[in-house]
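Coordinate analysis (summary)
In case you want the letters, here they are:
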Amino acid sequence: MHNVTANGASIPALGFGTFRMSGPDVLRMVPEALKLGFRHIDTAQIYGNESEVGEAIKAASLPRGEVFLTTKVWVSNYKADDFRRSVDESLAKLRTDYVDLLLLHWPNEAVPLAEQIESLNAVQAAGKTRHIGVSNFNRALLDESVRLSTAPIVTNQIEYHPYLDQSVMLEAARRHGQSITAYYAMADGKVFKDPVLTDIAARLGRSPAQVVLRWLVQQEGVIALSKTVGEKRAAENLAVFDFELSEADMAAIHGLARPDGRIVSPDGLAPAWD
């Protein structure tokens, strides 16, 4: 696996995500993922499984420095005092003194962005996170975050899969020296039956999931999150660094994007998307 370098951070290009993963599944799958070779684990306060993630990482008996750990502050914790308290609670649950990456999970206009960014900077200055970033930000919010922050913002974690054109956000991230972290890569399972993807997969002797993950990590500055509760699928998802997609295949997959391709856009949280 290669790492993606962004504003001083070196992030494993493929992460193991825990969104909507139950505690027992986390306890079973995170140690297995680490055993297979994953070194990037992604969670969030709102997922309700930080405690299990922390326990699972401890159970894997790896040096803390070998695991790149990301969590996200939920929007109800953006006021300064709540922010600091919630981060301390996350660290206690995760059984660590620091996370490698701390993100704002969604935009929240109820708290000034300057206050949110100031809290991120303060937590980093206190040594509780090595790097900071954002999630689900549009271009305007990303640009404003960069302007407000004294510390570099290393990623914007956003929905990205073959049916959603994220070229605007990719260009913005690259302009700022940032990475994009892609979630929902399988587009709620739509990729598994897509004829373009299944044809490429059959020709290469791979699965559609492997093709999509390879398509993501083969792009400059893109990190992909994978998620599964199956050990066999986890091993399959990791096996995407021993082949490459041709320029024609990359273009064909990009060509699947459509105007209505976005899946995740919750009312009250989603910004005006680019």
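The following paragraphs examine the structure supplied in this document. Only a predicted model underlies this, so the values are computations on that prediction, with no experimental measurement involved.

Here we look at unusual backbone geometry
Where the residue is not glycine, phi is negative for most of them; where a peptide bond is considered, it is trans in most cases. A positive phi is found at N7, a non-glycine position, where the angle reads about 50°. Note on placement: N7 falls in the loop between β1 (3–6) and β2 (9–12). The residue S61 is not glycine, and still its phi comes out positive at about 60°.

Observations concerning helix α2 (residues 50–60)
Among the residues of α2, E50, V53, G54, A56 and I57 are the ones counted as buried. Taken end-on, α2 shows its buried residues confined to a sector of 165°, consistent with a single buried face. For α2, the exposed residues set more than 90 degrees away from the buried face come down to K58 and A59. For α2, the elements touching its buried residues are α1 (23–36), β4 (40–42), β5 (68–73) and α3 (80–94). S61 occupies a position one or two residues after α2 and carries a positive phi of about 60°.

A word on the packing of helix α7 (residues 195–204) against helix α10 (residues 247–254)
The contact between α7 and α10 brings their axes to 10 Å, and the two run at 160°. One finds that α7 runs roughly antiparallel with respect to α10. Here the hand of the crossing between α7 and α10 comes out left-handed. Here V196, L197, I200 and R203 of α7 come into contact with α10, specifically with D249, A252 and I253. Residue composition of the contact of α7 with α10, by class: 5 nonpolar, no polar and 2 charged.

The rules we used
Position labels on residues start from 1 in each chain and follow its written sequence. This being a predicted model, a pLDDT of at least 70 is required before a residue's local features are given, and a value of 80 or more before pairs of side-chain atoms are given or counted; all residues contribute to the totals for chains, interfaces and linings. Based on all heavy atoms of the structure, the side-chain values leave hydrogens and waters out of the count. Each helix is a run of H or I in the DSSP string that is no shorter than four residues. Each strand is a run of E no shorter than two, and both are numbered from the N terminus. The rule is simple: take the accessible area with a 1.4 Å probe, protein chains only, and divide by the maximum for that residue type; under 20% is buried, over 50% is exposed, in between is partly exposed. In this context, the arc is that of the directions from the helix axis out to the C-beta atoms. Two residues form a contact once any of their heavy atoms are found within 4.5 Å. Orientation is described by axes fitted as lines to C-alpha atoms, over the contacting stretch for helices, and by angles from 0 to 180 degrees between their N-to-C directions. With respect to orientation, any angle under 35 degrees is reported as roughly parallel, any angle over 145 as roughly antiparallel, any angle of 65 to 115 as roughly perpendicular, and every other angle as oblique. In this scheme the crossing of two helices becomes right-handed for a clockwise turn of the near helix relative to the far one and left-handed for an anticlockwise turn of less than a right angle. Three residue categories are used. Nonpolar comprises Ala, Val, Leu, Ile, Met, Phe, Trp, Tyr, Cys and Pro, charged comprises Asp, Glu, Lys and Arg, and polar comprises the others, including Gly.

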